[in-house]
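Below are the chains, spelled out letter by letter.
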Amino acid sequence: MSDSSLTFIDELESEAIYILREVSAKFKNPTIMFSGGKDSITLIHLAKKAFYPQKIPFTLLHVDTGHNFPEAICRRDSLVDELEVDLIVAKVQNTIDLGRVKEEQGENATRNSLQIRTLLDAIKDRDIDCAIGGARRDEEKSRAKERFFSHRNRNGEWDPKNQRPELWNLFNGAYHQGEHFRVFPISNWTELDIWQYIEREKIQLPSLYFAHEREVVKRNNSWIPFSDFIKLGADEKIERKKIRFRTLGDITITGGIESNADTVEEIVQEVAAMRQTERGNRIDDKRSETAMEDRKRLGYF
């Protein structure tokens, strides 16, 4: 393929593959943070391309809140079997049982922030020196501050004011004992780029991303899926709506949108017209103006 025939999506793919190969070359024990959501599935697809015909040279790590969408876990497990790679499941419930974190209480309780301790313990216990994630800069303002190679100190903390320069695609992966990196190969992609790539590559996703009828509860101006983990408020009621999810996380904080888009082509058209970021319906991000950055400073994804 000549340079003149390369599309913008081709360039993004090439950039991500280059970064994944750099990770393989620079780190001893890297892992891909994998949940079964669209961005981590896209990241896995890129890793397959980067190292074909060999298997992906990374383990996969899922920080399991115990409050998952069953559809996402099903896709996670089927993809792991298909790839024949090792999956590490670090469970938040185990961290709670050990007294390392305390379960939140109340109708807005979530295990989202509890993942931080579970993730950092898994990184330390497994001697992981690089955790590869599917975060993108367009998702949220604090993620827009990230470099491709994001350094974490011995406590797993992130300092957005102490980022290393990345000139001419040169990445500094040097670290001291006990430190590690987070690497984000699809940082420059947008939500629309992801969906156009999914369409082009025919990547299979959980049904949650496509419009379907579901029992939901209106909370903080978002349609939260009703589940056994939801405690209804006095004024809340269960309704049945046709919705889809733009982003997946803990089932207690992931908000859906009303939609009729049930094919990838329709979703591409819908996303192109969106004016709100895909994390705009995440309850955890609505706790404060700096909710995501506060979590990230402590070691969140």
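A. The arrangement of the packing of helix 1 (residues 8-26) against helix 2 (residues 38-51) in detail. Packing of helix 1 against helix 2 brings their axes to within 9 Å, and their N-to-C directions diverge by 70°. When the axis of helix 1 is compared with that of helix 2, the two are roughly perpendicular. Contacts between helix 1 and helix 2 pair Glu 13, Ala 16, Ile 17, Leu 20, Arg 21 and Ser 24 from the former with Leu 43, Leu 46, Ala 47, Lys 49, Ala 50 and Phe 51 from the latter. Along the lines of polarity and charge, the residues of the contact of helix 1 with helix 2 split into 8 nonpolar, 1 polar and 3 charged.

B. Structural view of a negative patch on the surface. Taken together, the side chains of Glu 199, Asp 262, Glu 265 and Glu 266 make up a negatively charged region of the molecular surface. With respect to the secondary-structure elements, Asp 262 resides in the loop between strand 10 (257-258) and helix 7 (264-272).

C. Main features of the side chain of Arg 244. Residue position: Arg 244 is located in strand 9 (residues 238-244). Here the side chain of Arg 244 touches Glu 270 through a polar contact of 2.7 Å, side chain to side chain.

D. Highlighting the pattern of salt bridges. Under the counting rule described, the total for this entry stands at 20 salt bridges. The partner of Arg 100 in a salt bridge is Asp 121, with the nearest N and O atoms 2.7 Å apart. You can see Arg 100 sitting in the loop between helix 4 (92-97) and helix 5 (115-125) and its partner Asp 121 sitting in helix 5, a full 21 residues away along the chain. In this structure, Glu 146 and Arg 152 form a salt bridge, with 3.5 Å as the shortest nitrogen-oxygen distance. Taking the relative accessible area as the measure of exposure, Glu 146 reaches 4% and is therefore buried. Judged by its relative accessible area of 0%, Arg 152 is buried.

E. Structural view of the environment of Arg 275. Residue position: Arg 275 is located in the loop between helix 7 and helix 8 (291-298). As for Arg 275 and Gly 66, which are separated by 209 residues in sequence, their C-alpha atoms are 32 Å apart.

F. Representation of the pairing of strand 3 (residues 87-91) in the model. Side chains Ile 88 and Ala 90 project from strand 3 onto a buried face, and the interleaved Leu 87, Val 89 and Lys 91 project onto a face without burial. Pairing of strand 2 (residues 59-64) with strand 3 involves 5 bridges; the strand directions are parallel. In the sheet register, Leu 60 faces strand 3, and the bridge partner there is Leu 87. Regarding the hand of the β-α-β motif, the stretch spanning strand 2, helix 3 (residues 70-83) and strand 3 is right-handed.

The rules behind these values
Residues numbered from 1 in each chain as written. Predicted model: local features only at pLDDT ≥ 70, side-chain atom pairs only at ≥ 80, totals over all residues. Heavy atoms only, no water. Axes fitted to C-alpha atoms, helices over the stretch in contact; angles between N-to-C directions. Helix = DSSP H or I, 4+ residues; strand = E, 2+ residues; numbered from the N terminus. Parallel < 35°, antiparallel > 145°, perpendicular 65-115°, else oblique. Contact = heavy atoms within 4.5 Å. Nonpolar A, V, L, I, M, F, W, Y, C, P; charged D, E, K, R; others polar. Patch = residues over 30% accessible without salt bridge, like charges linked within 9 Å, V, L, I, M, F, W, Y side chains within 5 Å. Areas by Shrake-Rupley, 256 points an atom, 1.4 Å probe, with all protein chains shown as cover. Salt bridge = Lys/Arg side-chain N within 4 Å of Asp/Glu carboxyl O. Lys, Arg positive; Asp, Glu negative; His and termini not counted. Charge placed at Lys NZ, Arg CZ, Asp CG, Glu CD. Polar contact = N/O pair within 3.5 Å; in protein donor to acceptor, adjacent residues only side chain to side chain. Buried < 20%, exposed > 50% of the residue type's maximum accessible area, 1.4 Å probe, protein only. Pairing = 2+ DSSP bridges. Right-handed = clockwise from strand over helix to strand, strands pointing away.

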